[in-house]
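Read off the chains here:
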Amino acid sequence: MSEAAAVAAAPSTVEVTIDGIAVEAQPGELVIAAADRAGVHIPRFCYHERMSPVGMCRMCLVEIDTGRGPQLQPSCMVPVAPQMAVDTTSTRTQRAQEGVLELLLINHPLDCPVCDKGGECPLQDQTMAYGPGESRFSEEKRHFRKPIPISELVDLDRERCILCDRCTRFADEVAGDPLIDFVERGNETQVLTFPGEPFSSYFSGNTVQICPVGALTASPYRFKARPWDLESTESTCTTCAVGCRVAVQSSRNEVVRCLGVDIDPVNHGWLCDKGRFAFGSLASPDRVTTPLRATASPASDLPRPDVPWSDLAAAEPQRRLVPTDWAGALAAVASAVSAARPGAVAVLGGARGTNEDAYAWSKLARTVLHTDHVDAQLGDGLPPELVVGLPAATIDEACAAEVTLLVCGDLREELPVLHLRLRGAAQAGTTRLIEITPTATGLTRDANRSVRCSGGETAAVLRELLDADDALSSELASASVVVVLGRSSVAESAQATAETASVIRSRIPHARFLVAARRGNVRGALDMGLAPGLLPGRALSADPPPALSAAWGDVRDRRGYDATEILTAAASGDIDLLVLIGADPLTDFPDSRLARLGLAGAGTVVALDSFVSASAAEADIVLPAATFAEKSGTTTNLEGRVFALSASVTAPGSARPDWMVAAELAQLCGGDLGFVSVDDITAEIAQVCATHAAATGPELAADGVMASGAAFEPELPAEQVAPARDAYGFRLICGRKLYDGGATVARTPWLAPLSADAVMRVHPADLERVGVQAGTEVEVHSERGALRLPIVPDDGVARGNVAVSFPSPHLDVGALIDASARVTNVRIETRSDRGAPR
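Residue positions are given per chain, counted from 1 along the sequence in the order it is written. Reporting in this predicted model follows two pLDDT cut-offs: at least 70 for local features of residues, and 80 or more for side-chain atom pairs to be given and counted; totals over whole chains, interfaces and linings ignore these cut-offs and use all residues. Only hydrogens and water are set aside; all other atoms, that is, all heavy atoms of the structure, feed into the side-chain values.

Looking only at helices and strands, the protein chain features 26 helices and 36 strands. Relative to its length of 838 residues, the protein chain is compact, with a C-alpha radius of gyration of 28 Å against a globular reference of 28 Å. Its C-alpha atoms give the protein chain principal-axis dimensions of roughly 85 × 65 × 65 Å. Burial statistics for the protein chain: of 838 residues in total, 60% are counted as buried. As displayed, the protein chain offers around 32400 Å² of accessible surface, 51% of which is attributable to carbon and sulfur atoms. Secondary structure counts use DSSP, requiring at least four H or I residues in a row for a helix and at least two E residues in a row for a strand, with both numbered from the N terminus. Radius of gyration here uses only the C-alpha atoms, and the compact-globule reference equals 2.2 Å multiplied by the residue count raised to the power 0.38. We call a residue buried when its accessible area falls under 20% of the maximum for its residue type, exposed when it is over 50%, and partly exposed in between, using a 1.4 Å probe and counting protein chains only. Surface accessibility follows the Shrake-Rupley procedure with a 1.4 Å probe radius. Residue values consider only the protein chains on display as shielding.

Working definition: rings of Phe, Tyr and Trp (its six-membered ring) pair if their centres are within 6.5 Å, and the pair is stacked with planes under 30 degrees apart, edge-to-face with planes over 60 apart, and tilted otherwise. Within the structure shown, the criterion is met by five aromatic pairs. Ring plane angle 85° and centroid distance 5.4 Å describe the contact between Tyr-202 and Tyr-739, whose orientation is recorded as edge-to-face. On the criterion of sequence distance, the pair formed by Tyr-202 in the loop between β9 (190-193) and α6 (204-210) and Tyr-739 in the loop between β31 (729-735) and α25 (743-746) is long-range, its members being 537 residues apart. A relative accessible area of 10% places Tyr-202 in the buried class. By way of ring pairs, the aromatic residues Tyr-359, Trp-552 and Phe-675 are connected into one cluster. Only lysine NZ and arginine CZ atoms are considered, and such an atom sits over a ring when it is within 6 Å of the ring centre and within 35 degrees of the ring normal. The positively charged end of Arg-257 is found above the aromatic ring belonging to Tyr-221, 4.5 Å away from the centroid. Residue placement shows Arg-412 over the ring face of Tyr-202; its charged tip is 4.4 Å from the ring centre.

With that out of the way, let us pick up helix α3 (residues 91-104). Residues that lie three or four places apart on an α-helix share one face, since the helix turns once every 3.6 residues. Working rule for helices: expected span equals 1.5 Å times residues minus one. Across its 14 residues, α3 extends 20 Å between first and last C-alpha, which sits within 8% of the 20 Å expected from 1.5 Å per residue. Of the residues making up α3, those classed as buried are Thr-93, Ala-96, Gln-97, Val-100, Leu-101, Glu-102 and Leu-104. Summarising the contacts, the buried residues of α3 are in contact with β3 (61-65), β4 (71-74), β5 (85-87) and α4 (122-130). What makes two residues a contact is simply this: any of their non-hydrogen atoms within 4.5 Å.

Between helix α20 (residues 563-571) and helix α22 (residues 592-601), the shortest axis-to-axis distance is 7 Å and the interhelical angle comes to 55°. Looking at the two axes, α20 sits oblique to α22. Crossing handedness for the pair α20 and α22: left-handed. Residues Thr-564, Leu-567, Thr-568, Ala-570 and Ala-571 of α20 lie in contact with α22, whose contacting residues are Leu-594, Ala-595, Leu-597, Gly-598 and Gly-601. Axis geometry follows a simple rule: fit a line to the C-alpha atoms, using only the stretch in contact for helices, then measure angles between N-to-C directions, giving values from 0 to 180 degrees. Any angle from 65 to 115 degrees is called roughly perpendicular, while one under 35 is roughly parallel, one over 145 is roughly antiparallel, and all others are oblique. In this scheme the crossing of two helices becomes right-handed for a clockwise turn of the near helix relative to the far one and left-handed for an anticlockwise turn of less than a right angle.

Here we come to the pattern of salt bridges. By definition, a salt bridge exists where a carboxyl oxygen of Asp or Glu is found within 4 Å of a side-chain nitrogen of Lys or Arg. As enumerated under the stated definition, the model contains 47 salt bridges in all. Within this structure, Asp-111, Lys-146, Asp-157, Glu-159 and Arg-160 form a network of salt bridges that share partners.

Counting residues in hydrophobic clusters, the biggest one holds 95 residues, and the most contacted among them are Val-242, Leu-411, Leu-415, Leu-418 and Leu-422. Residue contacts for Leu-415: discarding those within four places in its chain leaves Cys-240, Ala-241, Val-242, Ala-516, Ala-517, Arg-518 and Leu-638. Ala-358, Leu-364, Leu-462 and Ala-517 belong to the second-largest nonpolar core, a separate cluster that totals 85 residues. Residues belong to one nonpolar core when they are buried, are Ala, Val, Leu, Ile, Met, Phe, Trp, Tyr or Cys, and are joined through side-chain atoms within 4.5 Å.

Moving on, we get to the packing of helix α9 (residues 326-339) against helix α23 (residues 658-668). Orientation of α9 relative to α23, taken along the N-to-C sense of each, is 65°, at an axis distance of 9 Å. In this structure, α9 meets α23 at a crossing whose hand is right-handed. Here α9 contributes Trp-326, Leu-330, Ala-331, Val-333 and Ala-334 to the contact with α23, which in turn contributes Val-661, Glu-664, Leu-665 and Leu-668.

Pairs of strands are assigned from DSSP output, requiring at least two bridges between the strands. If you trace the three strands from one edge of the open sheet to the other, you get β28-β29-β30, paired in antiparallel fashion. In this open sheet, the two strands that pair with only one neighbour each are β28 (633-636) and β30 (705-706). Those strands touched by helix α10 (residues 355-367) are β28 and β29 (641-645), and its axis lies near 90° from that of β28.

Burial along strand β1 (residues 14-18) is one-sided: Val-14, Val-16 and Ile-18 are buried, and none of Glu-15 and Thr-17, which face the opposite way, are. Judged from the five bridges that link them, β1 and strand β2 (residues 21-25) form a sheet pairing that is antiparallel. Note that in β2 the partner of Glu-15 across the bridge is Glu-24. Following β1, the chain reverses through two residues before pairing antiparallel with β2; Asp-19 in that reversal takes a positive phi of roughly 55°. Across two bridges, the pairing between β1 and β5 is parallel. Residue pairing across strands places Ile-18 opposite Val-86, the latter belonging to β5.

What the six strands build is a closed barrel, ordered β31-β35-β32-β34-β33-β36; its pairing is mixed. Between one strand axis and the next, the sheet turns through 45° on average, direction left out of account. Across three bridges, β31 lies against strand β36 (residues 825-829) in antiparallel orientation. Following the sheet pairing, Arg-731 is matched in β36 by Asn-825.

On to the environment of Val-114. Relative to the helices and strands, Val-114 is located in the loop between α3 and α4. Between the C-alpha atom of Val-114 and that of Glu-356, which follows or precedes it by 242 residues, the distance is 43 Å. In this structure, Val-114 is in contact with Arg-160, Phe-223 and Arg-226, ignoring residues within four places of it in sequence.

For residues that are not glycine, phi is negative in most cases, and the peptide bond is trans in most cases. Note that the residue after Lys-146, namely Pro-147, is joined by a cis bond; omega there is -20°. The linkage connecting Phe-806 with the following residue, Pro-807, adopts the cis geometry, with an omega of -10°. Its place among the elements puts Pro-807 in the loop between β35 (801-805) and β36. Non-glycine residue Leu-163 carries a positive phi angle of around 55°. Residue placement: Leu-163 occurs in the loop between β7 (154-156) and α5 (166-174). Overall, the relative accessible area of 25% leaves Leu-163 in the partly exposed class. Residue His-370 is not a glycine yet carries a positive backbone phi of 55°. With respect to the element layout, His-370 can be found in the loop between α10 and β17 (374-375).

Along the chain, the position of Ser-454 falls in the loop between β20 (449-452) and α15 (458-468). Any pair of nitrogen or oxygen atoms within 3.5 Å is treated as a polar contact; in protein, a donor-acceptor pairing is required on top of that, and neighbouring residues in sequence qualify only through side-chain atoms on both sides. One polar contact links Ser-454 to Asn-801, side chain to side chain, over a distance of 3.1 Å. Beyond its immediate chain neighbours, meaning those up to four positions away, Ser-454 contacts Arg-725, Arg-731, Arg-799 and Asn-801.

All right, on to the state of the cysteines then. Whenever a pair of cysteine sulfur atoms sits within 2.5 Å, that pair is classed as a disulfide. Under the definition given, this model contains zero disulfides. Cys-167 takes part in no disulfide bond, and the closest cysteine sulfur, belonging to Cys-161, lies 6.2 Å away.

Examined against the element boundaries, Gln-190 turns out to sit in strand β9. Apart from residues lying up to four places away in sequence, Gln-190 is in contact with Phe-144, Arg-158, Leu-163, Asp-181, Phe-182, Val-183 and Glu-184.

Mapped onto the elements, Val-16 comes out in strand β1. Put simply, Val-16 and Ile-162 are 146 residues apart on the chain and 32 Å apart in space, counted from C-alpha to C-alpha. Contacts of Val-16, omitting those with residues within four sequence positions, involve Ile-21, Ala-22, Val-23, Val-80, Ala-81 and Met-84.

Our focus in this paragraph is the pairing of β9. Pairing of strand β8 (residues 180-183) with β9 involves four bridges; the strand directions are antiparallel. Its bridge partner lying in β9, Asp-181 is registered against Leu-192. If you look at the hairpin formed by β8 and β9, you'll find six residues sitting between the two strands, and Glu-184 has a positive phi there, around 65°.

What follows deals with the environment of Ser-281. Within the secondary structure, Ser-281 is located in the loop between α7 (273-277) and β14 (292-296). Judged by its relative accessible area of 8%, Ser-281 is buried. Taking the C-alpha atoms as reference points, Ser-281 and Leu-751, 470 residues apart in sequence, are found 9.5 Å from one another. Other than its neighbours up to four places away in sequence, Ser-281 contacts Arg-287, Phe-611, Thr-744, Arg-747 and Thr-748. A polar side-chain atom of Ser-281 sits 3.0 Å from the main-chain carbonyl oxygen of Ala-278.

In structure tokens form, the structure reads like this:
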């Protein structure tokens, strides 16, 4: 029989009997998994459905009869077989489970009243359900020093550890950070980190969640609450665009922790530590709780604002922000609207909020403010037509494709859980990873092929690679291909990434794209029309659908400015009113000089934000905004999947959701947006946006609903040649870091210490060419500005390039970048220069 015939003849299911009930199991399925699907619970400690089985704890011992008589076997290690009979309640099974629990409790301390795991502890629960009731062990228990802080976020209590291998397996198999392992032998066996090396993984919080006892605890949650005191609300993480499902748990109107929720399409239950622990910013004393208005004050009375850009605020010593009320603040904004010249109003931001927030502000801008100068991105994203118009792929499709082509930044830093999904697919052999990047990434070790290129030259390198490698070109032509497309550096223009997409569309026309958008709800904001040339439902402004025209009126043939053009116009005095919706151009816009000039040149600046950010400190009016966990609505992740976002706590002070501010402002300006609740907006979105017609109902709180695709093919540019470097020059690469200089990290007490100032990374051969020792502080000069920072070797950086993370907590890296240039070339000088800004 041929192999194909054997596969066709193989049974699609296997019938087994579990506790007398016939169960149809999948071939190769483990007994414990088949029992779970049948609704039969088998106790376990080491088994986890998202990791490989190891049979460490023996708690899942059951009697299994495969025709040779019943035998005790670990159900997490035995695959189902035809006519198999499983007994999970036999006397032998019960005695085995009692013995395992008695053994585990020999050294486990009975400190449940002071253990953070108490009340939700599998060991506690299973001891009550399956344990012997009393122990025969009366000797002294084993003791260790406790707790040990193995990182800034995780504490280890070795006395409680039952050696289940969950944390070590996760660190090795899933995260790829084998920083925690078993040490010693026999009775002294324990889980520990390596000497002098902390558990510095971006995913360490997952080990706390999957730990079946209180051995690993999260320091931000330590002694904060008991499980029965918590109110849990399922929601969506908005710290990046992956859209992980989370359970937000609060006590006394304060969020105290976030847990990952396991859904197949997205996060598999995992969270990055930023998404898990960033809730600390919600209770920051720096929250804006009442409207603020700029006013004059004697210089001696002016407080120094606690922001990374305090030198900017100090440049105007007669200016300060003082509290006011909502009526006065909104009236001042309405007055600025009425005083603005036609076409001199602009809106920046909106990717921080919900789809309903973005829709409300998009409708306000087009129908009341009469402006098309709107952009949810801050010059660090991709052209909106690419984000919503390219043939789309899902995360699951990217992990199942025969080849996944990575032409983007470091996903481990920018989209951490997408990094985990792709790494898992590569480890399992379900996809081959090929990456083309200017620096090594977190997936370089797992990629089948990793190619280095200079900044802004990805398109040329890809074209040359396809021309020179017939085998690769043939493979890509015949295989299923998903491209993860994104900006590998904010120091190069988005045009360079668009050119890469153009090469792929022409040479691999069947490829589908997963656009690596970074901001939490940038896809949703663009879908709602917060982008030049786009209207809600991913409609081009040249041809709005009838339903949208009926709700909005005439919005045809008007393409406004993007973020760079808005700031350029503001710097020239052509913007009378600039509204920042959760946007901080002084921190996030790559060209910090243009951002400063734009804010200074705008007539009136209004900031709707949760904190007095660097940009909000320069605003004339600051309106307090509700944020994650404080408002409800929907969000859209990078693949176009719409999820529900739920409120868990009330916003502090008089902070309001963004949509509510837009609705009230419309009333003051003589308009009416036509809705008074979030549900009204959600319903209107479903009515006027064909792409979101199905984005309603309970599915939003489960696996989400995929928005339908765009109805147009984006225009892609022809490939251009990047400017040449001189013999002494370098190409600047500015990638993102997970713990950056943004407001969320800076205002979270336990994350802020993890954010470090940038260093310049160069190839060791380039460091030798510069002629300095590693760690030496050097000067970097571009046509835009200069900067002083340490230089270190990194063989993952392409030769001729320098890599610096952006944004940095205290270094103005954007001083080197020109937003109008295709790439940024720099020179490194080793002489001391006291005039270079820090």
